[in-house]
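In case you want the letters, here they are:
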Amino acid sequence: MLIGAFSWWRGHTYAPMALWTLGGLLMAGGALIPGHMGPVYRAWMGLAAKMSKITTPIFMGVLYFVVLTPIGLVRRAFGHNSLIRPRGESFWITRPPGAARRSDLGRQF
């Protein structure tokens, strides 16, 4: 129904009426006979799954190339490298031999 209102606002004549009719029928069907709306739901979710196969890679590509790549280039231009630790330190924790027990690995979080 909202799409019909937008279409009406844009000055269309027949499209808003068709969209409002379709929206009204779907709302009435959902309110009166919700158990019989399964095929409509499955068709709508199938369309959504197919649309997501197209839109998700486009969105993620735009996010990567418009946001992450420029940030990486700016950081590289200023000489910052996140993979190199200052002072040559390591993330490894030195433990005495035999300190790690099998029970330590059971509940890590």
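Residues numbered from 1 in each chain as written. Predicted model: local features only at pLDDT ≥ 70, side-chain atom pairs only at ≥ 80, totals over all residues. Heavy atoms only, no water.

(A) Fine view of the overall build of the protein. A count of helices and strands for the protein gives three helices and zero strands. Along the protein, from the amino end to the carboxyl end, the secondary structure elements read α-α-α. Every one of the 109 residues in the protein was classed for burial, and the buried ones make up 6%. If you sum the accessible surface of the protein, you get close to 10400 Å²; carbon and sulfur atoms cover 71% of it. (Helix = DSSP H or I, 4+ residues; strand = E, 2+ residues; numbered from the N terminus. Buried < 20%, exposed > 50% of the residue type's maximum accessible area, 1.4 Å probe, protein only. Areas by Shrake-Rupley, 256 points an atom, 1.4 Å probe, with all protein chains shown as cover.)

(B) Layout of the packing of aromatic side chains. This structure, assessed with the given rule, holds two aromatic pairs. Between the aromatic rings of Phe6 and Trp9, the centroid separation amounts to 5.7 Å while the plane-to-plane angle is 35 degrees, which identifies the pairing as tilted. Here Phe6 pairs with Trp9, and both are found in helix 1 (residues 2-9), just three residues apart, close to one helical turn. For Trp9, a relative accessible area of 64% gives the class exposed. Taking 5.0 Å as the distance between ring centres and 85 degrees as the angle between the ring planes, the aromatic pair formed by Tyr64 and Phe65 counts as edge-to-face. Tyr64 gets classed as partly exposed once you look at its relative accessible area, which sits at 45%. The class for Phe65 is exposed, based on a relative accessible area of 58%. (Phe/Tyr/Trp six-rings, centres within 6.5 Å; stacked < 30°, edge-to-face > 60°.)

(C) Structural view of a nonpolar patch on the surface. A grouping of Ile54, Ile58, Phe59, Met60, Val62, Leu63, Tyr64, Phe65, Val66, Val67, Leu68 and Ile71 is seen on the molecular surface, where their side chains present a nonpolar patch of about 1200 Å² in accessible area. Assignment of secondary structure puts Phe59 in helix 3 (residues 38-77). Classification of Phe59 by relative accessible area gives exposed; the value is 55%. (Patch = residues over 30% accessible without salt bridge, like charges linked within 9 Å, V, L, I, M, F, W, Y side chains within 5 Å. Salt bridge = Lys/Arg side-chain N within 4 Å of Asp/Glu carboxyl O.)

(D) Main features of helix 2 (residues 14-32). Its 19 residues place the ends of helix 2 27 Å apart at the C-alpha level, agreeing with the 27 Å of an ideal helix rising 1.5 Å per residue. Of the positions making up helix 2, those classed as buried are Pro16, Gly23 and Gly29. Relative to the axis of helix 2, the buried residues are bounded by an arc of 165 degrees and lie together on one face. Summarising the geometry of helix 2, the exposed residues directed more than 90 degrees from the buried face are Tyr14, Leu25 and Leu32. Buried residues belonging to helix 2 abut helix 1. (Expected span 1.5 Å × (residues − 1). Arc of directions from axis to C-beta. Contact = heavy atoms within 4.5 Å.)

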